[in-house]
Amino acid sequence: MAPVGKVSPSARVELKGVSRAFGRVRAVSDLNFAIEAGEFFSVLGPSGCGKTTTLRLIAGLERPDQGTVTIGDDVVADCRCWVSPERRGVGIVFQDYALFPHLTVAQNVGFGLKGWSRQAMHHRVTELLALVGLEGLDVRYPHELSGGQSQRVALARSLAPAPRVMLLDEPFSNLDADLREELRTQTRRILKERGTTTILVTHEQEEAFALSDRVGVLDRGCLQQVGTPPDVYHRPATRFVADFVGKADFVPGVVGARGVTAAIGTFPLAGSNWERGCLVELMIRPDDVDFVVDPDGPACISGVRFLGASVLYELTLPDGLKIHSLKSSTRTVPPGTRVCMSIDAAHVIVFPSAGGHHRQESMALHDEPIQAIMRSRP
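The following paragraphs examine the structure supplied in this document.

Conventions and cut-offs
- Numbering of residues starts from 1 in every chain and runs along the sequence as written.
- Side-chain atom pairs in this predicted model are given and counted only at pLDDT of 80 or more, local residue features only at pLDDT of at least 70, and totals for whole chains, interfaces and linings cover all residues.
- As a rule here, side-chain values come from all non-hydrogen atoms in the structure, and water together with hydrogens is ignored.
- Put simply, DSSP marks the helices as runs of H or I at least four residues long and the strands as runs of E at least two long, and each gets a number from the N terminus on.
- Relative accessibility decides the category of a residue: with a 1.4 Å probe and only protein chains considered, values under 20% of the type maximum give buried, values over 50% give exposed, and everything between is partly exposed.
- Contacts are residue-level and defined by heavy atoms, with any inter-residue pair within 4.5 Å sufficient.
- For every accessible area listed, the method is Shrake-Rupley and the probe measures 1.4 Å; residues are considered covered only by the protein chains on display.
- The charge count treats Lys and Arg as positive and Asp and Glu as negative. His and the chain ends do not count.
- By convention, the point assigned to a charge is CZ for Arg, NZ for Lys, CD for Glu and CG for Asp.
- DSSP bridges decide pairing: two strands pair if at least two such bridges lie between them.
- Interaxial angles span 0 to 180 degrees and are taken between N-to-C directions of axes, which are lines fitted to C-alpha atoms, for helices over the stretch in contact.
- Within this scheme, the nonpolar core is defined by two criteria: the residues are buried Ala, Val, Leu, Ile, Met, Phe, Trp, Tyr or Cys, and they are joined through side-chain atoms within 4.5 Å.
- Salt bridge, as applied in this entry: a Lys or Arg side-chain nitrogen positioned within 4 Å of an Asp or Glu carboxyl oxygen.
- Oblique is the label for every angle not falling under 35 degrees (roughly parallel), over 145 degrees (roughly antiparallel), or within 65 to 115 degrees (roughly perpendicular).
- Here is the rule for handedness: rotate from the far helix to the near one, and if that takes an anticlockwise turn smaller than a right angle the crossing is left-handed, while a clockwise turn gives right-handed.
- Charged residues are taken to be Asp, Glu, Lys and Arg, nonpolar residues to be Ala, Val, Leu, Ile, Met, Phe, Trp, Tyr, Cys and Pro, and polar residues to be all remaining types, Gly included.
- Each Phe, Tyr or Trp ring (for Trp, its six-membered ring) is paired with any other whose centre lies within 6.5 Å, and the angle between the two planes then decides the class: stacked below 30 degrees, edge-to-face above 60, tilted in between.

1. A look at the overall build of the protein
For the protein, the count of helices and strands is eight helices and 22 strands. For the protein, with 378 residues in total, the buried portion stands at 50%. Of all intrachain contacts in the protein linking residues separated by at least 6 positions in sequence, the fraction that spans at least 24 positions is 67%. About 17600 Å² of surface is accessible on the protein, with carbon and sulfur atoms providing 50% of the total. Taking the average place of the 41 positive charges on the side chains of the protein and the average place of its 43 negative ones, the gap between the two points comes to 4 Å.

2. So, the environment of Arg 24
Mapping Arg 24 onto the fold places it in the loop between strand S1 (13–22) and strand S2 (25–35). When its relative accessible area of 88% is taken as the criterion, Arg 24 is described as exposed. Distance in space between the C-alpha atoms of Arg 24 and Met 283 is 35 Å, their sequence separation being 259 residues.

3. Examining the sheet that holds strand S5 (residues 74–77)
Pairing is antiparallel across the open sheet formed by four strands, whose spatial order is S2-S1-S4-S5. Two strands in the sheet have a free side with no partner beyond their single neighbour: S2 and S5. Averaged over all pairs of adjacent strands, the angle between strand axes in this sheet comes to 30 degrees, irrespective of strand direction. As paired strands, S1 and S2 are joined by seven bridges and run antiparallel to one another.

4. A few points about the nonpolar core
Formed by 31 residues in total, the largest nonpolar core has its most connected members in Val 109, Val 153, Leu 155, Leu 159, Met 166, Leu 168 and Leu 191. Elements with a minimum of two residues in this core: helix H2 (105–109), helix H3 (118–131), helix H4 (147–159), strand S7 (165–169) and helix H5 (177–193). In terms of residues, this core owes the most to one element, H4, which gives five residues. If we ignore the near neighbours within four places in the chain, the residues touching Leu 155 are Val 93, Val 132, Met 166, Thr 187, Ile 190 and Leu 191. Leu 282, Leu 315, Leu 317 and Ile 343 belong to the second-largest nonpolar core, a separate cluster that totals 29 residues.

5. Re the pattern of salt bridges
Taken as a whole and assessed by the stated rule, the structure comprises 19 salt bridges. The salt bridge partner of Arg 214 is Glu 39, with a shortest N-O separation of 2.5 Å. Of this pair, Arg 214 sits in strand S9 (residues 214–219) while Glu 39 sits in the loop between S2 and strand S3 (40–44), placing them 175 residues apart in sequence. Judged by relative accessible area, which is 22%, Arg 214 ranks as partly exposed. One salt bridge connects Arg 124 with Glu 127, and the closest N-O pair in it is separated by 3.2 Å. On the criterion of helical spacing, the pair formed by Arg 124 and Glu 127 is a turn pair, its members being three residues apart in helix H3. Assessed through its relative accessible area of 23%, Glu 127 is described here as partly exposed. Taken together, the shared-partner salt bridges in this structure form one network comprising Arg 20, Arg 56, Glu 62 and Asp 65.

6. Brief notes about the packing of H4 against H5
Close contact between H4 and H5 brings their axes to 11 Å; oriented N to C, the two are set at 15 degrees. The angle between H4 and H5 places the two elements in the roughly parallel class. You can see that H4 and H5 cross each other, and the crossing is right-handed. Residues Gly 148, Gln 151, Arg 152, Leu 155 and Leu 159 of H4 touch H5, and the partners they reach there are Leu 179, Leu 183, Gln 186, Thr 187, Ile 190 and Leu 191. For the contact of H4 with H5, the residue count by class is six nonpolar, four polar and one charged.

7. What to know about the packing of aromatic side chains
The tally for this structure, following the rule as stated, stands at five aromatic pairs. With a centroid separation of 4.5 Å and 40 degrees between ring planes, the pair formed by Phe 100 and Phe 111 is classed as tilted. Taken together, the residues Phe 100 in the loop between strand S6 (90–93) and H2 and Phe 111 in the loop between H2 and H3 connect sequence positions 11 residues apart. The class of Phe 100 is partly exposed, set by a relative accessible area of 26%. Judged by centre distance (5.5 Å) and plane angle (10 degrees), the ring pair of Phe 240 and Phe 244 falls under stacked. Residue Phe 240 and its partner Phe 244 are located together in helix H8 (residues 239–244), separated by four residues, close to a single helical turn.

8. Describing the sheet that holds S9
Spatial strand order, S6-S7-S8-S3-S9-S10: six strands in an open sheet with mixed pairing. The outermost strands of the open sheet, each flanked by one partner alone, are S6 and strand S10 (222–227). Averaged over all adjacent pairs, the angle separating strand axes in this sheet is 20 degrees, with direction ignored. The pairing of S3 with S9 spans four bridges and is parallel. Bridge pairing in S9 places Ser 42 opposite Val 215.

Worth remembering: the numbers are spatial, not functional.
Right, here's the structure in full:
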């Protein structure tokens, strides 16, 4: 039993070659990644990609068909051993909170403290209700709570036994936007202050990026990339990651002697792993696209989407190609305006197009920022 006011040491979590199938459906396949002690890690991906199955494999609610799950120094699942969920030192907050409707807030929070003395249990529950900002609500029942209060009760209940690892199964998805942002910020602060290893599963890129030290992106049960939020956003390892994480335009081009040539300019390649004549696509983020109003400019603003602090512009080129640009909303340029466009090549990534021969999944452009100016074509 952890002393009141203390938490168990956080634990490293590692999955090696972990797979799980349900009948003919392969939910996750050959997962290999490690989460360091005290790290806030998010598993990000679309619905049905295997995020929740991954979480359940770590928790012990599912048993892998193959591979090894390790928590701290303990192998908790492999072909020979199986540790039950209650012995793994893991706390879970579910999407629907899963509070016991017949128990008060205090009884819900203290539910996992079996074997504690009454005094120690009271101290732990009081401490945690204060930690999550629910002092004075200890005698209420779940039906008397708001969604945000219920989420915090679920968090306090999971923290009560001082888990080595906290698992969050999309716990903010049922909350309105303002409350969701507030509670996820509070949740990260509480878990980071306590040094708890945390694994969040979510389909929302903004949530994963805002909360996480690192992110793992899943697609159809396969791990596509693990990295910091800036790495995943600016240097996606695969075409799927590039398309799923943030908005991007994909511009066709061809590899030549000077680099990649496309309708928007020529971009020097870093390295020489692409063969000349190879058909490729340039990934361009809207925040790397700028433009200036020019009555003789080759591009035309064909769409304007106001987003509050920013505006997303759709720019149409002479050949019909559309590129998006994200700019501050302090000044709005109306549709129909002709512009001259520029692209900061520092974050542009090259991917092979369908049928293109390549030796590598993706390749960054030249390391230094290079301006590729869209000019009128002769």
